[in-house]
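Spelled out from the first residue to the last, the chains are:
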Amino acid sequence: MRESVQAEVMMSFLVSEELSFRIPVELRYETCDPYAVRLTFHLPGDAPVTWAFGRELLIDGVGRPCGDGDVHIAPADPESFGEVLIRLQVGGDHALFRSGAAPLVAFLDRTDKLVPLGQERALADFDTHLDEALDRILAEEQSAG
């Protein structure tokens with residue numbers, strides 16, 4: 001069984017209302033983290049940046065505005081499903097992308113063939129991986145504090 005799905009999608013990186021440029025963005029989905037999608041982009045002169053967020057957020061955001069906190073996804077035009085806006089934010093800094101909906105839907109369809117939506121919990125050892133990640137985070141916080 002395949003353990004990941006990935007796609008390179010050309011997206012517009014929106015710097016301002018007047019300035020944008022197209023960049024390749026990698027989308028990746030892995031069975032070892034079945035609830036998440038990873039989005040990686042590389043701006044000229046910078047190191048690659050990877051964001052992880054819920055697969056369901058991306059699914060929902062293609063059709064309607066959604067997201068709390070650092071990630072917001074919505075159709076660019078509420079009247080049509082042609083393009084999707086993805087906003088990533090940390091503090092006052094943000095990155096805004098515009099993507100065609102079709103490549104996102106095609107990617108999501110491939111993730112669903114790998115792990116059907118709602119079947120993520122059935123994957124072996126997911127709870128173990130989650131417990132290990134939480135233990136690492138707590139240990140790092142204790143050693144830093």
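Details of the structure are given in the entry above.
Quantities reported herein were computed from a predicted structural model and do not represent experimental measurements.

Peer 1: Tell me about the overall build of the protein, and please be specific about residues and values.
Peer 2: Counting its regular elements, the protein contains three helices and seven strands. Order of helices (α) and strands (β) in the protein, N terminus to C terminus: β-β-β-β-α-β-β-β-α-α. Overall, the protein is about 45 × 40 × 25 Å in size when its C-alpha atoms are taken along their principal axes. In the protein, which comprises 145 residues, the proportion classed as buried is 32%. Considering only intrachain contacts with a sequence separation of at least 6, the fraction spanning at least 24 residues in the protein is 37%.

Peer 1: Summarise a nonpolar patch on the surface; cite the residues concerned and give the values.
Peer 2: On the surface, V15, L19 and F21 cluster together to form a nonpolar patch covering roughly 240 Å² of accessible area. Considering the arrangement of structural elements, one finds V15 in the loop between β1 (4–14) and β2 (20–30).

Peer 1: Explain the pairing of strand β6 (residues 83–90) to me, and be specific about the residues and the numbers.
Peer 2: Where strand β5 (residues 71–75) meets β6, five bridges bridge the pair, whose relative direction is antiparallel. In the strand pairing of β6, P75 is matched with V84. Inspection of the sheet shows β6 paired to strand β7 (residues 93–100) by eight bridges, in the antiparallel sense. Note on β7: the bridge partner recorded for V84 is S99. Hairpin connection of β6 to β7: two residues between the antiparallel strands, including G91 at a positive phi of 55 degrees.

Peer 1: With reference to specific residues and values, describe the sheet that holds β2.
Peer 2: Across the sheet, seven strands lie side by side as β4-β3-β2-β1-β7-β6-β5; this open sheet has antiparallel pairing. Both outer strands of the open sheet, β4 (49–54) and β5, are each paired with one neighbouring strand and no more. Going across the sheet, the axis of each strand differs from the next one's by a mean of 30 degrees, ignoring polarity. Across 11 bridges, the pairing between β1 and β2 is antiparallel. In the strand pairing of β2, Q6 is matched with R28.

So, how was this worked out
- Residues numbered from 1 in each chain as written.
- Predicted model: local features only at pLDDT ≥ 70, side-chain atom pairs only at ≥ 80, totals over all residues.
- Heavy atoms only, no water.
- Helix = DSSP H or I, 4+ residues; strand = E, 2+ residues; numbered from the N terminus.
- Buried < 20%, exposed > 50% of the residue type's maximum accessible area, 1.4 Å probe, protein only.
- Contact = heavy atoms within 4.5 Å.
- Patch = residues over 30% accessible without salt bridge, like charges linked within 9 Å, V, L, I, M, F, W, Y side chains within 5 Å.
- Areas by Shrake-Rupley, 256 points an atom, 1.4 Å probe, with all protein chains shown as cover.
- Salt bridge = Lys/Arg side-chain N within 4 Å of Asp/Glu carboxyl O.
- Pairing = 2+ DSSP bridges.
- Axes fitted to C-alpha atoms, helices over the stretch in contact; angles between N-to-C directions.

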